[in-house]
Amino acid sequence: QVQFVESGGGLVQPGGSLRLSCAASGTRSSVSAMGWYRQAPGKQRELVASITSSGVADYLDSVRGRFTISRDNAKNTLYLQMISLKPEDTAVYYCNYGNALVSGYAYWGQGTQVTVSS
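First things first, this report covers the structure right here in the doc. (Residues numbered from 1 in each chain as written. Predicted model: local features only at pLDDT ≥ 70, side-chain atom pairs only at ≥ 80, totals over all residues. Heavy atoms only, no water.)

**Remarks on the pairing of strand S9 (residues 91-97)**
Worth spelling out the cut-off: Each residue gets one of three labels from its accessible area relative to the maximum for its type: buried under 20%, exposed over 50%, partly exposed in between, using a 1.4 Å probe on protein chains only. Put simply, DSSP H or I for four residues or longer makes a helix, DSSP E for two residues or longer makes a strand, and each gets a number counted from the N terminus. Pairs of strands are assigned from DSSP output, requiring at least two bridges between the strands.
Burial of S9 is extensive: six of the seven residues sit out of reach of the surface. The pairing of strand S4 (residues 34-39) with S9 spans six bridges and is classified as antiparallel. Residue Trp36 lies in a different strand from S9, and its bridge partner there is Cys95. Judged from the three bridges that link them, S9 and strand S10 (residues 112-116) form a sheet pairing that is antiparallel.

As structure tokens, this is what we get:
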């Protein structure tokens, strides 16, 4: 059974940093492209960063240079290092397969809340 468990969110001031983690189980995540997504109140879920099984990363323009996605295939864990956080980064962050949105993949974990506020 597929399970994604996201953690590491919290309340941080503008300019602060957070590191999100996603533990994957029951999945083919170690051989699949994976992604971090976010959904802010009243907005659609969007892909923030993705990474192939070999480690090639891509980013949403608004986070490029501030966010870094990485993975540990041996541990089936995905990470998102976020620096220079802005209020507009406030959202619930989820991990999933890299094509989860475009394929309409039905399963999503609970996510982790990131709030950037002074």
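That covers the picture; the talk isn't over yet.
**Comments concerning the packing of aromatic side chains**
Formally: The criterion for an aromatic pair is that two Phe, Tyr or Trp rings (for Trp, the six-membered ring) have centres within 6.5 Å, with stacked assigned to planes under 30 degrees apart, edge-to-face to planes over 60 apart and tilted to the rest.
Under the criterion given, the structure shown has five aromatic pairs. Between Tyr94 and Trp108, the ring centres sit 5.9 Å apart and the planes meet at 80 degrees, which makes this aromatic pair edge-to-face. Here the residue Tyr94 occupies a position in strand S9, and Trp108 occupies one in the loop between helix H1 (100-103) and S10, the gap between them amounting to 14 residues. A relative accessible area of 11% means that Tyr94 is categorised as buried. We classify Trp108 as buried; its relative accessible area is 19%. Taken together, Phe4, Tyr97, Tyr105 and Tyr107 form an aromatic cluster joined through their ring pairs.

In short, shape yes, function no, at least from these values alone.
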